[in-house]
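Examination of the molecular architecture
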Amino acid sequence: MLSYSESRSLALARGSIVFLIAPIHCVMLYSTPTVKAGMLGRFMAFFAEYPGAHLFMFLMGFFISLSKAKPISAILKRSLLLLSAGYLLNAFKFVIPHWLGLLPRSFYVSNHIATDEFVACRLLLINDILQFAGVAYLICGLIKRSAYRLFIGAAALVLVLTLSPWIWERTGSNHILINAMLDLAGGFPPHAYFPIFPWLFHCLLGTLCGHIKNHYGISFKYLLFTGLMLTLMGTVIWFSEPASFHISFFRSGPGGTFIHGGVTLIFISLLDTLSKNKRDNPLFRFLSWCSRKITPIYLIQWVLIMWLLPITGYETLNQSQSLIMITMVSGFTFLLTNYLSPSKK
């Protein structure tokens, strides 16, 4: 089991990335390409592409391993709930604004979204992190139930790395629903932002680390060494991979996937060291609150960002304007989260 210090370090790691979710997405949708290429854009891109979403996925697998094995019915229910939440969010952040004419024309053009009679369906079926989480939870939950979970998890991790490039080549069909499933398996933005191949690697890595932690009680300090090794291996592999593996961090080859997984472990290890050497303080309490409220914060900030597009425009704000919107959206997100999802006393 986790010590108080370890639990706090994971909360701080996750909370710090949750705090940056709205700023990252504000820059992604509101800021001009010049701002994205500047210091603000590079700062947000670093945290989005390294300890960002990979951390959430790692911790999903990690906590599944630490928890008690659930009945298959409970696993399926949770998986379907995550999938439903993903498509419901798409309805609120894409489909309804589209029907109301709130999305700028440049949004469709920049994201290569055809505005034909099926556009609402396409917007609804965009695959994002919640859709991925629904499938990943099902897979990791079933692995947790197995008596050979360590072997199966390791084998699945290797298969994900090996099969990912092959799966990428099999995406695309003439049927919109089949396309959505293929994109979820190995698609590319804007149709899929977190495809199962290769992002499942991070959940499986978390599952393996959680199993080892649960059964052998290994300290978090070993995450630093493991993270450094993964990062070094990934860097060596990265330089021998084809350029097609490096087009986007959303669909990295084995080298990039190892690097992202390694940075996640290093980030957790650094936060663990910080947690052990610092007393509780308002910042730590706020980040822990962000960690606990990850779901409402994620949902609320997306709806706010998309519904404000008629005011901000798509990729039109300079750096000062971007900072103003980051402050406003983040502030309203936290206020609404606290109001709609109050903490239990």
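By convention here, each chain's residues receive numbers from 1 onward along its written sequence. Local features are withheld for residues below a pLDDT of 70 in this predicted model, meaning they are given only at 70 or higher, and side-chain atom pairs are given and counted only at 80 or more; totals for whole chains, interfaces and linings count all residues. Computation of side-chain values: all heavy atoms of the structure, hydrogens and water removed.

1. Some details on the overall build of the protein chain
- Helix and strand assignments come from DSSP, with helices taken as H or I runs of at least 4 residues and strands as E runs of at least 2, each series counted from the N terminus. Within the protein chain one finds 18 helices and zero strands.
- Radius of gyration here uses only the C-alpha atoms, and the compact-globule reference equals 2.2 Å multiplied by the residue count raised to the power 0.38. For a compact globule of 345 residues, the expected C-alpha radius of gyration is about 20 Å, and the protein chain comes in at 20 Å, within 12% of that figure.
- C-alpha extents for the protein chain along the principal axes are approximately 55 × 50 × 45 Å.
- Split into buried and exposed, the 345 residues of the protein chain put 53% on the buried side.
- Contact between two residues is taken to exist if any of their heavy atoms lie within 4.5 Å; hydrogens are not considered. Counted over contacts in the protein chain with a minimum sequence separation of 6, partners at least 24 positions apart contribute 83%.
- Exposure was quantified through the Shrake-Rupley algorithm and a 1.4 Å probe, taking into account, for residues, occlusion by the shown protein chains and nothing else. On the protein chain, roughly 16,800 Å² of surface is accessible, and the fraction owed to carbon and sulfur atoms is 70%.
- Here the protein chain holds 26 positive side-chain charges and 11 negative ones, and the gap between their average locations is 15 Å. Using a 1.4 Å probe on the protein chains alone, a residue whose accessible area is under 20% of its type maximum counts as buried, one over 50% counts as exposed, and one in between counts as partly exposed. His is not counted here, nor are the chain ends, while Lys and Arg score as positive and Asp and Glu score as negative. Note on charges: their place is set at NZ of Lys, CZ of Arg, CG of Asp or CD of Glu.

2. Quick word on the packing of aromatic side chains
- In summary, the pairing rule links any two rings of Phe, Tyr or Trp, Trp by its six-membered ring, whose centres are within 6.5 Å, and it sorts them by plane angle into stacked for under 30 degrees, edge-to-face for over 60 and tilted for everything else. One pass over the full model with this rule turns up 22 aromatic pairs.
- Considering the side-chain rings of phenylalanine 62 and phenylalanine 63, the 5.8 Å spacing of their centres and the 80 degrees angle between planes classify their relative orientation as edge-to-face.
- For the ring pair phenylalanine 194 and tryptophan 199, a centre distance of 4.8 Å and an interplane angle of 85 degrees mean the geometry is edge-to-face. Residue phenylalanine 194 shares its accessibility class with tryptophan 199, and that shared class is buried.
- Here the aromatic residues Tyr193, Phe194, Trp199, Phe249 and Phe250 are joined through ring pairs into a cluster of three or more.
- Across from the ring centre of tryptophan 302, 3.9 Å away, lies the NZ or CZ of lysine 93, which sits over that ring. Here, a charge over a ring means that NZ of Lys or CZ of Arg falls within 6 Å of the ring centre while also lying within 35 degrees of the ring normal.

3. Details of the nonpolar core
- Counting 95 residues, the largest nonpolar core has Tyr30, Phe107, Leu123, Phe132, Phe194 and Ile268 as the members making the most contacts within it.
- Considering each element in turn, this core owes the most residues, 10 residues, to helix α12 (residues 196-216).
- The contact partners of phenylalanine 132, leaving out residues within four places of it in the chain, are Met57, Leu184, Phe194, Pro195, Ile196, Trp199, Leu200 and Cys203. Residue types Ala, Val, Leu, Ile, Met, Phe, Trp, Tyr and Cys, when buried and joined through side-chain atoms within 4.5 Å, form a set referred to as a nonpolar core.

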